Amino acid sequence: MSQAHLLVVEDEVRLLNSLCRGLGEAGFAVLSAGSAEAAARAVADGEFDAIVLDLRLPDRDGLELLRELRAAGNATPVLILTARGALDERVAGLDSGADDYLAKPFAFPELIARIRALVRRRGATPQPILRIADLEFDTIKRRARRGSHELNLSPKEAMLLELLMRNAEQTVTRAMIAETVWGAGYNDFTNLIEVFVNRLRQKIAGAGGEPLIATVRGVGYAMRHVR
Amino acid sequence: MTIRIRLTLFWAAVLAVILLLAGSAVLMLFQREQWGQLDGSLMEEADTAAETIARVTPGAAGVIVRQLSEERDLGPARRVQLISGGRVLADAGAAQADLPVISNVPAAGAILEGHRKVFRYAVMPLRVAGANAWLADGVDATPIRAAIARLERTLLITVPLILVISIVAGYWLAGRALEPVSALDHALAELEPRDLRRRLPYRAVDDEMARLTRAINALLDRVAAAAEAERRFATDAAHEMRTPLAILRTGLEVTLGQERTAAEYAGALAAALRETIALCRIADQLLTLARLDHEAAIARRPCDLSALVREVIATVEPLVQARQLHLRTTLNNRVFVNGNPDHLRRLIVNLLDNALKFTPEDGTIAMSLAIANGGPTLRIANSGAPIPAADLPYIFDRFFRGQAQGQPGSGLGLSLCQAIARLHGGVIKAANLVDGGVEFVLSLPGLRGEPRLPSTVNDTLS
C-alpha cells in the first residue's frame, strides 16, 4: 500500500508538532496547516487521503471550512478534532460533512486507528458481502456464515461483526465499537464491549476454524486472517 | 394547623362575638321599647287617676278604681288597688293577678312587677283624707312577656344557625382564597433543578397571588442565570483544560511510540513540564475564581496599597529590563485601602502581567497611584496595539482570549482581577488611549478617617 497523504489543520503549534511527528512515524505523509486559510490553499493544491481538522482556528471556524470543502465537491474524509465535546457539537460536526470526530484530549493510537479506517474506507467501494477467510457477512440481509454453517447473530453482534470486517486487518478501537454499536457515551463500559466481542468470538469459533478476532492490548480489536 | 382551619376558626370567633353582641342589643332594644310604651301609658293613667282620687270622696274613689280596672286597652286584664295606711281602700279587677310587694313609694311614682312577674304595676303616691296613700294600677303583661320570650327563642335558634352556616361558608371561602396557594405549591413541587426554564403560571391580574408568583418567577430567573453561569463556567473550564491536556497526552504518547535518544526524551519531558505548569496555573486560577465567587466578604484590614504596588513592581523589574521596556511610575505614598493584601497583590500582578504581555519591545508602561474621587485609583497604561472595539466589552469575561488567542495564558487573569476589585467594592475599567495604547483603571473605595499625606515620588525605571 502506498503512503497515505494527510493534511493536519491545527492552530496550537505544540500539538501540531507532536501530531505531525507521531503521524509521520506511523507511516503517513503529513502536511500541516496552522490556519483555515493555509488549509484551504493546501487542499486546492493537492490531493489528500484524509484531513485532520481542528475546529477552533484563529481565522475561521473549522466547520465553515469543512462546509465550503463539501460544497465545492471535495469528498476527502475529514476527522474533526475539537476541545468542545458536547453531543450537539458532535452532531453539528457530522452534519457539516465530517466523517469522524475526536474530542481533545484523545489517545494517539485511537487517532491513528480512526485515520486508517477513514483512508481505507475511501479506497474501498461499498461491498454488500464482506469476506474474511471462510467467514462471510451479508450486509443487506444481515446474515453471517462460516463455510456452510449459518451463524445466529443478534442485531448488535451483526453490527459489531460488520464494523470489524469492514476494517479487516486494522485495529478497531473500543471507542469506535461503542460509538458504532451503542452510540456515543458508552465508551466507559469496556466490560460490555469485551463481553460482546467474546460472545461473537465464540460464535465464530464455534463453527470451527481460527478465531479471527484478535485483541489489540489497550486499544481495541482487529479482525485478522492468519494464513 | 393549616391556614385554612386557622382562618375559619378566627372567623368563627369574630363572628360569634359579633352575633352575640348584636343579638343582645336587639333583645335589649326590643324589651326597652315594649316595656317603655306600657310603662309610659300605665304611669300616665295612674297619675291621672291618683290626681282625680285625691280630689273626690272615698266612695267616688271606689268608682274610679273600678272604672280604671275595667279598661282593656293596655292588656287583657287589669287590677287596681288604693291602699292607705296598710288598709285597702278600694280594690277592683282581675282577682288572680299577682300583687306587687310595695315597701315605700317614691314621690314621682314607680313601676313595679307583680310578685310572680305576670302583672306590671304603676304605683303612684297620693293623699287620701289627709293620709298618705298609693294607687297601684296593674295590667296583665303576659302578651309583652310572650313577645319578648318569642324573640329570645328566635335569637337562640337563629344566631347559632347563622354561626354554623358562616363557619361552613368561611371554610369554603378560605379554601377558595387559598386555592392559588395550593396550585402554586403543586407547581413549585414539579420544578426540577435540572429544568430551570419553566416558570409558574399566574393570572393577568394584579392581586397578591400574581405578585407572589411573579416574585418567585423573578427568583427563578436569578437562580437560572446563576446556574447557567456555573454551567458555562464548568464547560469553559473543562474546555480550557482540554487543549493543554491534549498537547501533553499526544506529546507523551508520540514520544513513547518508539525508542528515542536521551536528548529527545529530555526535550519531551521539558515540553510536558511546560504544559503541566500551564495546567497548574489554570487550575489555580479556576480555584481562586470559584472561591471568590462564593466569598461574599473577605477578611479585610487597612493595607498600604502603595507598598503593595512597589513590591509587585520590584518583582517584575528583571522582566521589564529583559524585554527592554520602560516602566514609568507616579506613586502617591501612603495610599491605604481596606482590603485583603493577598487578593490585592494578585490583582496588581495580573494587571501588570497583562500590560507586560501586550507591550511591544521598547514600549512603555506607565503606572500611577493616587487618590481620586475619594478613593485609591491605580492606572496602568501600556503602549501597543489598541483592544479591538468589538472585544472591549468582553475582556473581563472568563476565558475570553480576544487578541491573546494563541498566546500563553488562560483568559482568566483579567476576570480574576475584576472579581477581586468587585469583592473590594471597586471596579476595573479598560479603555484605548487616544494617542495609542491601552489603559486599565482600578478604582477602590477610600478608607474613611485615614489621614492622607500628599507626597508624590516620581521615579522612572527603564
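About the thresholds
- Residues numbered from 1 in each chain as written.
- Chains lettered and ligands numbered in written order.
- Predicted model: local features only at pLDDT ≥ 70, side-chain atom pairs only at ≥ 80, totals over all residues.
- Heavy atoms only, no water.
- Helix = DSSP H or I, 4+ residues; strand = E, 2+ residues; numbered from the N terminus.
- Buried < 20%, exposed > 50% of the residue type's maximum accessible area, 1.4 Å probe, protein only.
- Contact = heavy atoms within 4.5 Å.
- Areas by Shrake-Rupley, 256 points an atom, 1.4 Å probe, with all protein chains shown as cover.
- Salt bridge = Lys/Arg side-chain N within 4 Å of Asp/Glu carboxyl O.
- Patch = residues over 30% accessible without salt bridge, like charges linked within 9 Å, V, L, I, M, F, W, Y side chains within 5 Å.
- Axes fitted to C-alpha atoms, helices over the stretch in contact; angles between N-to-C directions.
- Parallel < 35°, antiparallel > 145°, perpendicular 65-115°, else oblique.
- Left-handed = near helix turned anticlockwise from the far one by under 90°.
- Nonpolar A, V, L, I, M, F, W, Y, C, P; charged D, E, K, R; others polar.
- Core = buried A, V, L, I, M, F, W, Y, C linked by side-chain atoms within 4.5 Å.
- Domains from an automatic or database assignment.
- Pairing = 2+ DSSP bridges.
- Buried area = accessible area lost by both parts, 1.4 Å probe.
- Polar contact = N/O pair within 3.5 Å; in protein donor to acceptor, adjacent residues only side chain to side chain.
- pLDDT = per-residue confidence, 0-100.

Concerning the overall build of chain B
A count of helices and strands for chain B gives eight helices and 13 strands. For chain B, buried positions account for 38% of its 462 residues. Contacts in chain B between residues at least 24 apart in sequence constitute 65% of all its contacts with a sequence separation of at least 6. With the model as given, the accessible surface of chain B reaches about 25,900 Å², and the carbon-plus-sulfur share is 60%.

Some thoughts on the pattern of salt bridges
Under the defined criterion, the tally for this structure stands at 40 salt bridges over all chains. With a shortest N-O distance of 3.1 Å, glutamate 10 of chain A and lysine 104 of chain A are connected by a salt bridge. Remark: lysine 104 of chain A occurs in the loop between strand 5 (100-103) and helix 5 (108-123) and glutamate 10 of chain A occurs in the loop between strand 1 (5-9) and helix 1 (13-25); sequence separation between them is 94 residues. Residue glutamate 10 of chain A is classed as buried on the basis of its relative accessible area, which comes to 1%. The class for lysine 104 of chain A is buried, based on a relative accessible area of 3%. A salt bridge links arginine 174 of chain A to glutamate 194 of chain A, with the shortest nitrogen-to-oxygen separation between them at 4.0 Å. Linking arginine 174 of chain A in helix 7 (residues 174-182) with glutamate 194 of chain A in helix 8 (residues 190-206), this pair joins segments that are 20 residues apart in sequence. We classify glutamate 194 of chain A as partly exposed; its relative accessible area is 34%. In this structure, a network of salt bridges that share partners links the residues Arg21 and Glu25 of chain A together with Arg260 and Glu264 of chain B.

Section: a nonpolar patch on the surface
A contiguous nonpolar surface patch, about 410 Å² in accessible area, is contributed by Met1, Ile5, Leu9 and Tyr171 of chain B. Looking at the secondary structure, you find isoleucine 5 of chain B in helix 1 (residues 3-55).

Topic: the packing of helix 6 (residues 155-166) of chain A against helix 7 of chain A
All names here are of chain A. Orientation of helix 6 relative to helix 7, taken along the N-to-C sense of each, is 135 degrees, at an axis distance of 9 Å. As judged from the angle between their axes, helix 6 and helix 7 are oblique. Note on packing geometry: the crossing formed by helix 6 with helix 7 is right-handed. Along its contact with helix 6, which presents Lys156, Met159, Leu160 and Leu163, the element helix 7 presents Met176, Ile177, Thr180, Val181 and Trp182. Residues that form the contact of helix 6 with helix 7 fall into these classes: seven nonpolar, one polar and one charged.

Some points on the nonpolar core
The biggest cluster of nonpolar side chains holds 49 residues, and the ones touching the most others in it are Leu305, Leu347, Ile365, Met367, Ile428 and Phe440 of chain B. Summarising the domain contributions, this core has at least three residues from each of domain 2 (208-293) and domain 3 (301-461) of chain B. In this structure methionine 367 of chain B touches Val309, Ile313, Leu327, Arg328, Thr329, Thr330, Leu331, Leu352, Leu378, Arg379 and Ile380 of chain B, once residues within four positions along its chain are discounted. Formed by 31 residues, the second largest nonpolar core is a distinct cluster that contains Leu153, Leu160, Met176 and Ile193 of chain A.

Describing the sheet that holds strand 10 (residues 171-173) of chain A
Residues and elements named next belong to chain A. Spatially, the three strands line up as an open sheet ordered 10-12-11, and their pairing is antiparallel. Both outer strands of the open sheet, strand 10 and strand 11 (213-216), are each paired with one neighbouring strand and no more. Direction aside, neighbouring strands of the sheet carry axes that sit 35 degrees apart on average. Judged from the four bridges that link them, strand 11 and strand 12 (residues 220-223) form a sheet pairing that is antiparallel. What sits directly across from isoleucine 213, in strand 12, is methionine 223.

Side note on the interface of chain B and chain A
Counting residues at the interface gives 17 residues for chain B, matched by 19 residues for chain A. For chain B, the biggest contributors to the area lost against chain A are Arg242, Thr250 and Val254 of chain B; these three give 29% of the whole. The interface formed by chain B and chain A holds three salt bridges in total. The salt bridge partner of arginine 14 of chain A is glutamate 275 of chain B, with a shortest N-O separation of 2.4 Å. Our count for the chain B to chain A interface comes out at six residue pairs in polar contact (both at pLDDT 80 or more). The set of elements that each furnish at least two residues to the side of chain B that touches chain A consists of helix 4 (208-256) and helix 5 (262-294) of chain B. The dominant element in the side of chain B that touches chain A, judged by the number of residues it contributes, is helix 4 of chain B, at twelve residues. Of the residues assigned to the side of chain B that touches chain A, the class counts are four nonpolar, six polar and seven charged.

Side note on the confidence of the model for chain B
Residue and element names in this part refer to chain B. With 95% of its residues at a pLDDT of 70 or more, chain B has an overall mean of 86. Confidence scores differ between elements of chain B, with strand 13 (residues 456-461) showing the lowest mean pLDDT of 46 and strand 12 (residues 438-443) the highest of 93. In this model residues 450-462 is a low-confidence stretch, pLDDT under 50, and it forms 31 contacts with partners more than four residues away in sequence or in other chains. Model confidence for the complex is summarised by a pTM of 0.58, with the ipTM given as 0.73.

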